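One-letter residues, chain by chain:
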Amino acid sequence: LARKMKAQESYNLKADDGIILPISVVNSDVYKVPSINTVSNNGYLIDIKINGKDYQLNNLAQNRYHYLSFKKGDSFEIKSDCDLIIGKPLHASQKNKTEKKLVLLMFMDNFAAKIFNNIPLSKLMPNTYDFFSKGHIFNNNYINGHWTIDSVPTFFTGKYPVNHGVFHPQWPQNVGEKNKLISEYYRDNGYMTFHIGGNQRAAPNYGYTKGFERTVYGRQQPCEEVIAETLEQIRAFPERSQFGFLTFMDLHLLSPIQSISTQIQNSILAHDYSMSRNKIVDGKTKILQNNRNYEERYMSEAKRLDFYLNILFEYIKDNYSNNEILIALVSDHGYLSTDETHVLSPSRISVPFMIRGGMVKEG
């Protein structure tokens, strides 16, 4: 577990194996500056003694982890004139033999199976289709909860919402408080575990750091950032077997700040964002409504997402055999057609499910 160290307090450790040690300079004042400069120019010094030899570090970024490598057998002491957080030491090499080398649970919010009624997956997202066609693609899959907050805990616990109990946006709920999570199972079986993404209903405050040795969370991170951080994580620990949970929000937001590659694909009408997101029926507010402009933007965003996913897929294919991986793509819900108002309408409850690796047959 992470440890808070006061100024001048010392941290001592002997590395029984090669380790990566996360450290963070703690400075609450940095958040009071309107234009935040995360680099310390205040003279904070971190003194490190390794096997009797002294080193001094200065100007480290504040309020974020900085990763230091130590070799097997290194004895070291860390002391600073500022408060520090020392993270849990991460093993650089694999301790226990695992069945797979890379396991990824890729969660795409609002990925609707209905879109493939208009255009096949092989045409809309050819790279995704090509990757998972070597495994199994299910187009007749149905959600276990009616939206993100109760669907994601099902991925993590294997329980229906009535049993895992996480479903209400206003109640403070921790998904791991009464449940052992998939992240813990993988960690306990020797995998390095990480969580990267920006889904607000799969955020750390819901307990989604439990079981993960490293979490990189930034609300509504675009796919290119999620994929880049994932590749950084995998490349940083080449000797470790890893389990990762990735969240993608690109098909859910569809905000007016779409990237240029999607904007120029859209018709003029698809640049009109004046749609009403909710509809009043019989005095009650129904779930968000969509129109043809929305669906056109959705299609262009899916193509963009497919382009960036292929960067990750190509890296996986270049560095792992099919037997060394298990990659699953899941979703929590689809979206309503313009003539639908009920939260459990057919187009909302049907989502794709794709899986590839190991013993998974093609189909």
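Structure's up top.
## Regarding unusual backbone geometry
Phase 1 of the analysis: Even without glycine at this site, Asn 51 takes up a positive phi of about 50°.
Phase 2 of the analysis: Tracing the backbone through its elements, the reader meets Asn 51 in the loop between β4 (45-50) and β5 (53-58).
Phase 3 of the analysis: Even without a glycine there, the phi angle at Gln 220 is positive, about 60°.
Phase 4 of the analysis: Take Gln 220: it is sitting in the loop between β13 (214-217) and α6 (223-236).

## Focus: α6
Phase 1 of the analysis: With 14 residues, α6 extends 20 Å from end C-alpha to end C-alpha; this agrees with the ideal 20 Å at 1.5 Å per step.
Phase 2 of the analysis: Cys 223, Val 226, Ile 227, Thr 230, Leu 231, Gln 233 and Ile 234 are the residues of α6 that are buried. Buried residues of α6, viewed axially, fall in a sector of 160°; they line one side.

## What about the pairing of β5?
Phase 1 of the analysis: Along β5, only zero of the six residues are buried, which leaves the element largely exposed.
Phase 2 of the analysis: Inspection of the sheet shows β4 paired to β5 by six bridges, in the antiparallel sense. Considered in β5, the bridge of Leu 45 is made with Asn 58.
Phase 3 of the analysis: What sits between β4 and β5 in their antiparallel hairpin is a turn of two residues, with Asn 51 showing a positive phi close to 50°.

## Digging into the environment of Met 125
Phase 1 of the analysis: Within the secondary structure, Met 125 is located in the loop between α1 (121-124) and α2 (126-132).
Phase 2 of the analysis: If we skip the residues at most four places from it in the chain, Met 125 touches Phe 111, Ala 302, Leu 305, Asp 306 and Leu 309.

What counts as what
Residues numbered from 1 in each chain as written. Predicted model: local features only at pLDDT ≥ 70, side-chain atom pairs only at ≥ 80, totals over all residues. Heavy atoms only, no water. Helix = DSSP H or I, 4+ residues; strand = E, 2+ residues; numbered from the N terminus. Expected span 1.5 Å × (residues − 1). Buried < 20%, exposed > 50% of the residue type's maximum accessible area, 1.4 Å probe, protein only. Arc of directions from axis to C-beta. Pairing = 2+ DSSP bridges. Contact = heavy atoms within 4.5 Å.

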